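# Analysis of the macromolecular model
These are the residues of each chain, in order.
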Amino acid sequence: KAPTNVPSFNPSKQPSDSPSVHPSLSPSVGPSSKPSFVPSIVPTERSRIERVTDALSANGYQGSSADPDVFNWITQTDTWDNASSDYDWVERYVLTKLYDDLDGPNWSRSDDWKSTTVWHCEWWKITCDSSGSVTKVSFSQNNGLSGTFPMDLIALTSMTELAISEENSLVPGATIPAAITQLSNLEFLAVQNVGITEIGNEIEQMSSLTRLNINRNQFGTFPTGLYGIGNQLTMLEMIGSMNSATIPTGINAFTKLLRWDLYGAKLVGEIPSEFGEITSLTYLRMGLNHFQNTIPTIIGQLSNLNQLYWTGGGNAYQKMIGPIPAEIINLTNLKSINLMNNALTGTIPPLPTSLTSCVLGKFGDQCIAFVVLLFFSHHPFAHCIGNEGSNNFIDTTNGGTLCGF
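Below: a short report on this structure. None of the values given here were measured: they were computed from a predicted structure.

It is worth spelling out the overall build of the protein chain at this point. On a plain count of helices and strands, the protein chain comes out with four helices and 18 strands. When burial is assessed residue by residue, the protein chain has 46% of its 405 residues classed as buried. Within the protein chain, residue pairs in contact and separated by at least 24 positions form 54% of the contacts whose partners lie at least 6 positions apart. Within the structure as shown, the protein chain displays about 20500 Å² of accessible surface, and the carbon and sulfur contribution to it stands at 51%.

Given below as structure tokens:
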């Protein structure tokens, strides 16, 4: 039956027998009014920015936004692109910010820093572990660092060592910068001659710190804030750092200290009795200070001491006088002792048989007793020449002949 010339007002009840032969002449009218369910692909640069931001936040980043100059350098100028993980970009960001904030362009030396083609682990004074994570940043003396340490440092979660030396104007607040004291994974810190005058309780945040070098700073009083980490420090170097300060009570807080270097620290007054309770010490250097005149008897309580250096100096430093305390015989682990350039008097007491190196110095106006046993024998002696009643010592002022006193 032939179709009618006009369409019916109602649709047919049955579908057509077959699909239309020809496709529609035009596409749909326009795009859908709603977004697609699958997001568009993010550009590489933005993806990198997001990864850095997320990683910084995950590592305690304390900024509301990233430094735009640093991000522009990483995303638009930097061509290095060999990151094994997002964390590589975090470290590159932090080191670049450190360079910018500490006036990197004017450093005395900055080999490869901010190089667009060199891996940041190969930048000057940067050390990384086998996995490629930054573990150490160490600047040489007088490198010209100037400015403020960025808080971004806390994102370097694998860094265990940081060393800065001879940068007098680097610490305007006279304390260790907050960006450093918040490095809870840091095990070794050296801040030499950077203008520090005090250390407060903030250092207790450094829960992993075991070795501290604060040489040649300007402490007006002994930094008792260190007592808060006394149960974790194993090494403490304070060379030339005190300014006529005394050692206060509470010094026995250093329960794990193995090495303590107070050489030329300009300490004054008496050494507290609690000093003898630091029995963990194996190395002690006390020379060129202004302590009481005699070597205290409590020295004999340091039963694990292996090396003892208590040398005197010129007129600017006090010389120890009086006898060597008899209690020194109790130092049964002592291998080396040096008491040169003092004004000791009296007889030499029995010395530990463990000694292999002995420099006893000048006794009053008598000859210099200078004995380094390993230099005078093919095997180490069990005791110093002159021990057990012998008064014969080598006189270095008279051709190495023996003299008696």
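This next bit is on the packing of aromatic side chains. Overall, the coordinates contain 14 aromatic pairs when judged by the stated rule. What links up through ring pairs into an aromatic cluster is the set Y99, W107, W113, W123 and F139. Positioned over the ring face of Y283 is R259, at 3.9 Å from the centre of the ring. Directly above the aromatic system of Y263 lies the positively charged group of R285, at a separation of 4.2 Å from the ring centroid.

In this structure the tally under the stated criterion is one disulfide. Note that C121 is cross-linked by a disulfide to C128, the S-S spacing being 2.0 Å. The disulfide joining C121 to C128 has a torsion of about -90° about its S-S bond and is therefore left-handed. Taken individually, C121 and C128 each receive the classification buried, so the pair is uniform in this respect.

Pairs can form between side chains of opposite charge once their charged atoms are near each other. Within this structure, the stated rule accounts for nine salt bridges. In this structure, D111 engages R109 in a salt bridge whose closest nitrogen and oxygen atoms are separated by 3.1 Å. Residue D111 is classed as partly exposed on the basis of its relative accessible area, which comes to 32%. With a relative accessible area of 42%, R109 lands in the partly exposed category.

Turning our attention to the environment of L334. Structurally, L334 can be placed in the loop between β12 (321-322) and β13 (336-338). L334 gets classed as buried once you look at its relative accessible area, which sits at 0%. Distance from L334 to Y283, taken between C-alpha atoms, is 9.5 Å for residues 51 residues apart in sequence. In this view, L334 contacts L305, N306, Q307, L308, P352, S354 and L355; residues no more than four positions away in its chain are not counted.

Our focus in this paragraph is helix α3 (residues 86-101). End to end, α3 covers 23 Å across 16 residues, agreeing with the expected 22 Å (1.5 Å per residue, within 8%). Within α3, 13 of the 16 residues are buried, which leaves it mostly tucked inside the rest of the structure. D103 lies just past α3 and shows a positive phi near 60°.

With that settled, consider the nonpolar core. If you look at soluble globular proteins, the nonpolar side chains tend to sit buried side by side. In terms of nonpolar packing, the biggest core is built from 95 residues, with W113, L189, F222, F254, W260, L284 and W310 touching the most fellow members. Where this core is concerned, the elements lending two or more residues are α2 (68-77), α3, β1 (126-128), β2 (134-138), β3 (161-165), α4 (178-181), β4 (188-192) and β15 (357-362). When residues of this core are assigned to their parent elements, the largest contribution, eight residues, is made by α3. Excluding anything up to four places from it in sequence, F254 contacts F222, L226, Y227, G230, L233, L236, W260, I278 and S280.

In terms of residue burial, β2 counts as a mostly covered element, since four of its five residues are buried. Sheet topology places β1 next to β2; three bridges connect them, and they run antiparallel. Bridge assignment links C128 to a residue of β2, and that residue is V134. Where β1 folds back on β2, the antiparallel hairpin that results is connected by five residues, among which G132 adopts a positive phi of roughly 90°. As judged from the three bridges shared by β2 and β3, these two strands associate in the parallel manner.

Attention shifts here to the environment of S208. Residue position: S208 is located in the loop between β4 and β5 (211-213). The spacing of S208 and T160 is 48 residues in sequence and 8.6 Å in space, taken between C-alpha atoms. A distance of 2.8 Å separates a polar side-chain atom of S208 from the backbone oxygen of S184.

For the rest of this paragraph, the subject is α2. For α2, the complete set of buried residues consists of V70, F71, W73, I74 and T75. Here α2 starts with a cap whose side-chain oxygen sits 2.9 Å from the backbone nitrogen of D69, and that cap is D67.

Within the element layout of this structure, T181 appears in helix α4. In this structure T181 comes out as buried when scored by relative accessible area, which is 2%. Apart from the residues within four sequence positions on either side, T181 is in contact with I176, E202, Q205 and M206.

Not every positive phi belongs to a glycine, and D112 is a case in point at roughly 70°. Following the sequence through the fold, D112 ends up in the loop between α3 and β1. You will see that K125, though not glycine, has its phi angle at about 70°, which is positive. Judged by its relative accessible area of 35%, K125 is partly exposed.

A word on the environment of D88. Assignment of secondary structure puts D88 in helix α3. Counting along the chain gives 44 residues from D88 to G132, while the straight-line C-alpha distance between them is 8.0 Å. Residues within four places of D88 in sequence aside, it is in contact with W80, N82, A83, H120 and G132.

Cut-offs and rules
- Residues numbered from 1 in each chain as written.
- Predicted model: local features only at pLDDT ≥ 70, side-chain atom pairs only at ≥ 80, totals over all residues.
- Heavy atoms only, no water.
- Helix = DSSP H or I, 4+ residues; strand = E, 2+ residues; numbered from the N terminus.
- Buried < 20%, exposed > 50% of the residue type's maximum accessible area, 1.4 Å probe, protein only.
- Contact = heavy atoms within 4.5 Å.
- Areas by Shrake-Rupley, 256 points an atom, 1.4 Å probe, with all protein chains shown as cover.
- Phe/Tyr/Trp six-rings, centres within 6.5 Å; stacked < 30°, edge-to-face > 60°.
- Lys NZ or Arg CZ within 6 Å of the ring centre and 35° of its normal.
- Disulfide = S-S within 2.5 Å.
- Salt bridge = Lys/Arg side-chain N within 4 Å of Asp/Glu carboxyl O.
- Expected span 1.5 Å × (residues − 1).
- Core = buried A, V, L, I, M, F, W, Y, C linked by side-chain atoms within 4.5 Å.
- Pairing = 2+ DSSP bridges.
- Polar contact = N/O pair within 3.5 Å; in protein donor to acceptor, adjacent residues only side chain to side chain.

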